[in-house]
Amino acid sequence: MKIACIGAGYVGGPTMAMMALKCPEIEVVVVDINEERIKAWNSDKLPIYEPGLFEVVKECRGRNLFFSTDTKKHVGEADIVFVSVNTPTKTHGIGAGRAADLTYWEGAARMIASVSTSSKIVVEKSTVPVKTAEAIGKVLKRNCSDPNVNFEILSNPEFLAEGTAMEDLRHPDRVLIGGSETESGRKAVETLASVYAHWIPKERILTANLWSAELAKLTANAFLAQRISSINAISALCEATGADVQQVAHAIGTDTRIGNKFLNASVGFGGSCFQKDILNLCYVCESVGLKEVAEYWFQVVSMNDYQKQRFVERVISAMFNTVSQKKIAIYGFAFKKDTGDTRETPAIDVCKGLIRDGARCCIFDPEVTPEQIFRDLSAPKFEWDRPNYSRSQSHMLENVQVVSDAAQAADGAHAICVLTEWDQFKTLDFKTMYEKMTKPAFIFDGRNILDHAKLREIGFIVYALGKPLDPFLVKGY
Ligand code: UDX
Ligand code: UDX
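Given the structure is predicted, the values throughout are model-derived calculations rather than measurements.

Conventions adopted
- In every chain, residue numbers begin from 1 and rise along the written sequence.
- Chain letters start at A and ligand numbers start at 1, both assigned in the order the entries are written.
- Local features in a predicted model are, by the rule used here, given only for residues with pLDDT of at least 70; side-chain atom pairs are given and counted only at 80 or more, and totals for whole chains, interfaces and linings are based on all residues.
- Only heavy atoms go into the side-chain values, all of them from the structure, while hydrogens and water stay out.
- Numbered from the N terminus, helices here are DSSP runs of H or I no shorter than four residues, and strands are runs of E no shorter than two.
- As defined in this context, the radius of gyration uses C-alpha atoms, and a globule is described by 2.2 Å times the residue total to the power 0.38.
- We call a residue buried when its accessible area falls under 20% of the maximum for its residue type, exposed when it is over 50%, and partly exposed in between, using a 1.4 Å probe and counting protein chains only.
- For this purpose, a residue is taken to be near a molecule or strand whenever a single non-hydrogen atom of the residue falls within 4 Å of it.
- As used in this structure description, the phrase polar contact means that two N or O atoms lie within 3.5 Å; if the pair is within protein, one of them must be able to donate a hydrogen and the other to accept it, and residues adjacent in sequence are counted only when both atoms belong to side chains.
- Per-residue accessibility takes into account occlusion by the displayed protein chains alone, with areas from the Shrake-Rupley method and a 1.4 Å probe.
- Here the limits of each domain have been adopted from an automatic or database domain assignment.
- By definition in these notes, contact holds between two residues if any of their heavy atoms fall within 4.5 Å.
- A pair is scored as a salt bridge if a Lys or Arg side-chain nitrogen falls within 4 Å of a carboxyl oxygen belonging to Asp or Glu.
- When residues are grouped by polarity, Ala, Val, Leu, Ile, Met, Phe, Trp, Tyr, Cys and Pro land in nonpolar, Asp, Glu, Lys and Arg in charged, and all others, Gly among them, in polar.
- Whether two strands pair comes down to DSSP finding at least two bridges between them.
- Between the N-to-C directions of two axes lies an angle of 0 to 180 degrees, each axis being a line fitted to C-alpha atoms and, for a helix, fitted only over the stretch in contact.
- By the criterion used throughout, a crossover qualifies as right-handed when its path from the first strand across the helix to the second strand runs clockwise, the strands pointing away from the viewer.
- Put simply, the grid is 1 Å and covers the protein atoms alone, a cavity is a trapped set of points that fit a 1.4 Å probe, a pocket is an open set with protein on both sides within 12 Å along at least five of seven lines, and lining residues have an atom within 4 Å of a point.
- Grid points are joined across faces, edges and corners, and a volume is the space filled by probe spheres set on the points.

**Concerning the overall build of the protein chain**
Then comes step 1: Tallying secondary structure elements over the protein chain gives 18 helices and 14 strands in all.
Then comes step 2: For the protein chain, the C-alpha radius of gyration of 24 Å lies close to 23 Å, the compact-globule estimate for 477 residues.
Then comes step 3: Dimensions of the protein chain along its principal axes, counting C-alpha atoms only, are 80 × 45 × 45 Å.
Then comes step 4: Looking at the 477 residues of the protein chain, the share that counts as buried comes to 54%.

**Points about the site of ligand 2**
Then comes step 1: Close to ligand 2 lie 20 residues; Phe159, Glu162, Ser266, Lys336 and Arg447 are nearest.
Then comes step 2: At 2.6 Å, a side-chain N or O of Ser266 approaches an oxygen atom of ligand 2.
Then comes step 3: At 2.7 Å, a side-chain N or O of Arg447 approaches an oxygen atom of ligand 2.
Then comes step 4: Burial of ligand 2 by the protein amounts to 90% of the accessible area it has alone, namely 660 Å².
Then comes step 5: The residues that make up the shell around ligand 2 include at least three from each of domain 1 (2–219) and domain 2 (266–473).

**Here's the deal with the domain arrangement of the protein chain**
Then comes step 1: The domain boundaries assigned to the protein chain delineate domain 1 (2–219) and domain 2 (266–473).
Then comes step 2: Taken together, the contacts link 28 residues of domain 1 with 24 residues of domain 2.
Then comes step 3: A salt bridge links Arg343 to Glu162; the shortest N-O distance between them is 3.2 Å.
Then comes step 4: At the boundary of domain 1 and domain 2, one finds five residue pairs in polar contact (both at pLDDT 80 or more).
Then comes step 5: If one sorts the elements of the side of domain 1 that touches domain 2 by residue count, helix 9 (residues 210–241) sits on top with three residues.
Then comes step 6: Class assignment of the residues belonging to the side of domain 1 that touches domain 2 gives a composition of 15 nonpolar, eight polar and five charged.

**Here's the deal with the sheet that holds strand 9 (residues 327–331)**
Then comes step 1: Within the open sheet, the six strands sit side by side as 11-10-9-12-13-14. Their pairing is parallel. The sheet terminates laterally at strand 11 (400–402) and strand 14 (461–464), the two strands that pair on one side only. For this sheet, the mean inter-axis angle between neighbouring strands, taken without regard to orientation, is 20°.
Then comes step 2: One ladder, built from four bridges, connects strand 9 with strand 12 (residues 415–418); its direction is parallel. Along strand 12, the bridge assignment pairs Tyr331 with Val418.
Then comes step 3: Its contacts with the sheet put helix 13 (residues 346–356) on strand 9, strand 10 (360–364), strand 11 and strand 12, and the angle it makes with strand 10 is roughly 155°.

**Regarding the side chain of Asn156**
Then comes step 1: Structurally, the position occupied by Asn156 is in the loop between strand 6 (151–155) and helix 7 (165–170).
Then comes step 2: Judged by relative accessible area, which is 1%, Asn156 ranks as buried.
Then comes step 3: Sequence-distant contacts of Asn156, defined by excluding residues within four places in its chain, comprise Phe82, Val123, Glu124, Lys125, Val175, Leu176, Ile177, Leu192 and Tyr196.

**What about the site of ligand 1?**
Then comes step 1: Asp32, Arg37, Thr87, Thr127 and Lys276 are the nearest of the 20 residues found near ligand 1.
Then comes step 2: Within the side chain of Ser84, one N or O atom sits 3.5 Å away from an oxygen atom of ligand 1.
Then comes step 3: Here an oxygen atom of ligand 1 and a side-chain polar atom of Thr87 are 2.7 Å apart.
Then comes step 4: Protein burial of ligand 1: of its 680 Å² of free accessible surface, 93% is covered by the chains.
Then comes step 5: Split into classes, the residues belonging to the shell around ligand 1 amount to seven nonpolar, eight polar and five charged.
Then comes step 6: When residues of the shell around ligand 1 are assigned to domains, at least three fall in each of domain 1 (2–219) and domain 2 (266–473).

**Topic: the environment of Ser266**
Then comes step 1: Considering the arrangement of structural elements, one finds Ser266 in the loop between helix 10 (245–253) and helix 11 (274–287).
Then comes step 2: In sequence terms Ser266 and Arg447 are 181 residues apart; their C-alpha atoms lie 5.1 Å from each other.
Then comes step 3: Residues in contact with Ser266, not counting those within four places in the same chain, are Ile228, Asn232, Gln307, Gly446, Arg447 and Leu465.

**So, the pairing of strand 8 (residues 205–209)**
Then comes step 1: The pairing of strand 7 (residues 175–179) with strand 8 spans five bridges and is classified as parallel. Residue pairing for strand 8: Gly178 is matched across the bridge by Ala208.
Then comes step 2: At this point the chain moves from strand 7, through helix 8 (residues 183–196), to the parallel strand 8, and the crossover so formed is right-handed.

**Section: empty space enclosed by the protein**
Then comes step 1: All told, the structure shown has one cavity of 30 Å³ or more when counted by the stated rule.
Then comes step 2: In this structure, the largest cavity encloses a volume near 30 Å³.
Then comes step 3: As for the largest cavity, its lining consists of Glu124, Ser126, Thr127, Val128, Ser155, Pro157, Glu214 and Lys217.
Then comes step 4: Each residue belonging to the lining of the largest cavity can be placed in one class, and the counts come to two nonpolar, three polar and three charged.

Here you go:
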């Protein structure tokens, strides 16, 4: 059996690496239009940072795992083709700002059809709107010149989270495979299930109809994001009342019906999926006339925007209502720890918000490159999720500095904002940093990872998200 995967990104790369590791007799080839990316996958410096990924790639690469730009050859030869290309939010036209742009997906389908001389199972790995499989099926059928070639489309959404991708792939809670309810559809589901059965217990391989599988992915992300927006909404109320959001989260999390995961209040959720998938869910609801349902889910995104804005306002109001020309150290730019990924990271909106008010941001993140930060802070909304988005320069960048050391970022700064929960921030020498900062020295902990009592002892004015406010912040100055 031969498997090809179109799209060597955060999803395609790790997923195929695990598949190659667990199925040594299957040839797995990951293809991408981006030559640089493929070159990186074939080097010792992989294009994405994911704990444990390099070890797996090293073991399988050249054995039964290959990375190539020769899309036509490998897709043409494959029995199963995974499609894991970008599905950005549309930036213009009907549904702009909400609907998914399926240009890349459709392009992939046309290409598959044009190179196919044998029947294939085509698997949706990218998150797509509900009923995409139907459209893709039509494209495949009408564009293949060989009448003997048959395409079976499956939806097999990926649930891995970045930073823990390899563990999630090795021991997933479940694998979901949706297929059409025909005999050939069921057979295709079985074929894909037999690949996963190499390492995943049968009871964890769930099957469903196509539309349920597509919708389950959007729903899973909407529910996860909703939990964060819910606890973030409560964090604002905690600050206003003197309650402590971590105590509230702990108290509700012990109710087994609620559960204790995904209840960390934060400066906002980021990542390539949550916002995009919810907007997409809203758009699907609107298209079928369910306005109230769309509005309900849209609130999850609005609350997230509010949380980021609220953080910026806190920083500015605490610092005497002006951050003009003040140096602010930003600790962490990635959307969560243990990844170098910055897609939709709350740090983008927070930095832009501070810079708009005149601040100078000095950013340190252990995994994100300066080029990436500059690109993010100059890219228009939603443009990032395109293989070759154009880079526009902006005045934003004049007030951005990226450094490779936390202490350097704090040197002479008026404030430190913690925006990503990197473990290494917990053990920084804040006492020495305090001495080199402008006074009063502020710390705004957007992830609640620092020892706030100790920081106050050193002399910092501390704002901790959803925690009783420092008297200095309540009374102003
Ligand atoms: C992608 C989608 O963005 C997301 O919507 C979906 O849920 C899972 O797949 P991810 O792997 O994180 O997520 O994206 P990214 O890292 O951007 O990878 C996509 C890759 O596809 C890129 O390397 C891009 O160059 C490639 N691509 C895109 C193609 O090879 N062909 C195309 O036509 C378009
Ligand atoms: C998410 C889903 O978890 C995964 O199943 C899906 O396949 C893709 O989207 P990912 O975006 O990689 O994965 O990371 P996740 O761990 O879900 O975190 C998303 C964002 O929520 C991050 O910005 C994170 O910091 C934030 N978050 C998470 C919180 O603010 N509080 C929490 O309690 C948990």
